[in-house]
Amino acid sequence: MKLAFEVSRSSPIISRKVGAVIVAQDDSVIASSANSLPFPSLPTEVGELNGDTAKAYWIEHAERAAIFEAARKGVPLAGTRMYTTFFPCTSCMRAIIQSGIAELICPPPEFNHEKWGQEFYHAELMLRWSSVILRVEGVDQRYHSST
Ligand SMILES: [Zn+2]
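Model, not experiment: these values are computed from the prediction.

**Some remarks on the nonpolar core**
Inside soluble globular proteins, nonpolar side chains tend to come together where they are buried. Membership of the largest hydrophobic core comes to 30 residues, with the highest contact counts inside it found for Ala20, Ala66 and Ile96. When contributions to this core are tallied by element, the ones reaching two or more residues are helix 1 (2-8), strand 1 (19-23), strand 2 (29-34), helix 3 (62-73), strand 3 (81-84), helix 4 (90-99), strand 4 (103-106) and helix 5 (117-129). If we ignore the near neighbours within four places in the chain, the residues touching Ala20 are Ala4, Ser32, Ser33, Ala62, Glu63, Ala66, Met82, Tyr83 and Thr84.

**Looking at the pairing of strand 2**
Summarising the sheet, strand 1 and strand 2 pair through 5 bridges and their orientation is antiparallel. Along strand 2, the bridge assignment pairs Gly19 with Ala34.

**Here we look at the packing of helix 3 against helix 4**
The N-to-C vectors of helix 3 and helix 4 enclose an angle of 35°; their axes lie 8 Å apart at closest approach. Judged by the sense of rotation from one axis to the other, the crossing of helix 3 with helix 4 is left-handed. Residues Glu63, Arg64 and Ile67 of helix 3 form the contact with helix 4, whose participating residues are Ser91, Cys92, Ala95, Ile96 and Ser99. Residue composition of the contact of helix 3 with helix 4, by class: 4 nonpolar, 2 polar and 2 charged.

**Let's talk about the packing of helix 4 against helix 5**
It is the contact of helix 4 with helix 5, at a shortest axis distance of 8 Å, that shows an interaxial angle of 15°. By the angle class used here, helix 4 and helix 5 are roughly parallel. Remark: the crossing between helix 4 and helix 5 carries right-handed chirality. From helix 4, Thr90, Met93, Arg94 and Ile97 reach across to helix 5, where they touch Glu119, His122, Ala123, Met126 and Leu127. Split into classes, the residues belonging to the contact of helix 4 with helix 5 amount to 5 nonpolar, 2 polar and 2 charged.

**Points about helix 3**
Compared with an ideal rise of 1.5 Å per residue, which puts 12 residues at 16 Å, helix 3 spans 17 Å between its outermost C-alpha atoms and is within 8% of the ideal. By the burial criterion, the buried members of helix 3 are Ala62, Glu63, Arg64, Ala65, Ala66 and Ile67. Lining the buried residues of helix 3 we find helix 1, strand 1, strand 2, strand 3 and helix 4.

**Remarks on unusual backbone geometry**
Phi is positive for Asp27, which is not a glycine, with a value near 75°. Tracing the backbone through its elements, the reader meets Asp27 in the loop between strand 1 and strand 2. By the C-beta count within 10 Å, which is 7 here, Asp27 ends up exposed.

**Quick notes on the pairing of strand 4**
Burial along strand 4 is one-sided: the face carrying Leu104 and Cys106 is buried and the face carrying Glu103 and Ile105 is not. Here strand 3 pairs with strand 4 via 3 bridges, running parallel. Across the sheet, residue Tyr83 finds its bridge partner in strand 4, namely Ile105. As for the winding sense of the linkage, the β-α-β connection from strand 3 through helix 4 to strand 4 is right-handed. Pairing of strand 4 with strand 5 (residues 133-136), which is carried by 4 bridges, proceeds in the parallel orientation. Note on strand 5: the bridge partner recorded for Cys106 is Val136.

Conventions we followed
- Residues numbered from 1 in each chain as written.
- Predicted model: local features only at pLDDT ≥ 70, side-chain atom pairs only at ≥ 80, totals over all residues.
- Core = buried A, V, L, I, M, F, W, Y, C linked by C-beta atoms within 7 Å.
- Buried ≥ 20, exposed ≤ 12 C-beta atoms within 10 Å, placed from the backbone.
- Helix = DSSP H or I, 4+ residues; strand = E, 2+ residues; numbered from the N terminus.
- Contact = placed C-beta atoms within 7 Å.
- Pairing = 2+ DSSP bridges.
- Axes fitted to C-alpha atoms, helices over the stretch in contact; angles between N-to-C directions.
- Left-handed = near helix turned anticlockwise from the far one by under 90°.
- Nonpolar A, V, L, I, M, F, W, Y, C, P; charged D, E, K, R; others polar.
- Parallel < 35°, antiparallel > 145°, perpendicular 65-115°, else oblique.
- Expected span 1.5 Å × (residues − 1).
- Right-handed = clockwise from strand over helix to strand, strands pointing away.

Structure representation (C-alpha cells):
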C-alpha cells in the first residue's frame with residue numbers, strides 16, 4: 001500500500017491523486033500507475049487539465065491504467081493482487097474483476113461521498129458477486145465463497 005501512495009504522487013490531477021499497484025503472488029510488482037493521461041501531456045487545444053470537463057474525458061483511473069500497463073507488458077493478471085489508494089469506481093471494478101485479479105486491497109468505500117457514493121455502491125455490489133477478495137484497511141472480507 002505504501003508503494004501505491006508513492007505512485008499516486010505522480011498524478012497530474014490536483015484534486016485527487018490515486019495510485020494503484022498490481023503485484024504477483026511472490027510480491028513482485030507487475031504494474032503501477034497513478035490516475036493519469038494516456039499521453040505525456042494534454043494537447044493544447046483541450047485547455048486546462050484540472051478543469052472538470054478535461055479531467056473527466058482525458059484522465060485514466062489508476063486501477064485501469066495499471067491493468068493496461070500489465071497488458072502492454074503481456075503479463076496475465078489471474079491470481080494477482082491490486083493495492084489502490086481509493087475505492088474503485090464501477091468501470092475500474094469491472095476491469096479488476098474481468099482481468100482476473102484475485103485480491104483487492106483498498107480503503108473502505110465512502111457511500112456518502114457526494115460525487116462517488118453511487119459509484120461505490122454499485123462497485124461494491126459487483127465485488128460481492130465476484131470471486132475477488134476484498135481487504136479493507138487490513139480486514140479480510142471474502143464476499144464470495146466459491147473460490
Ligand atoms: Zn475508476
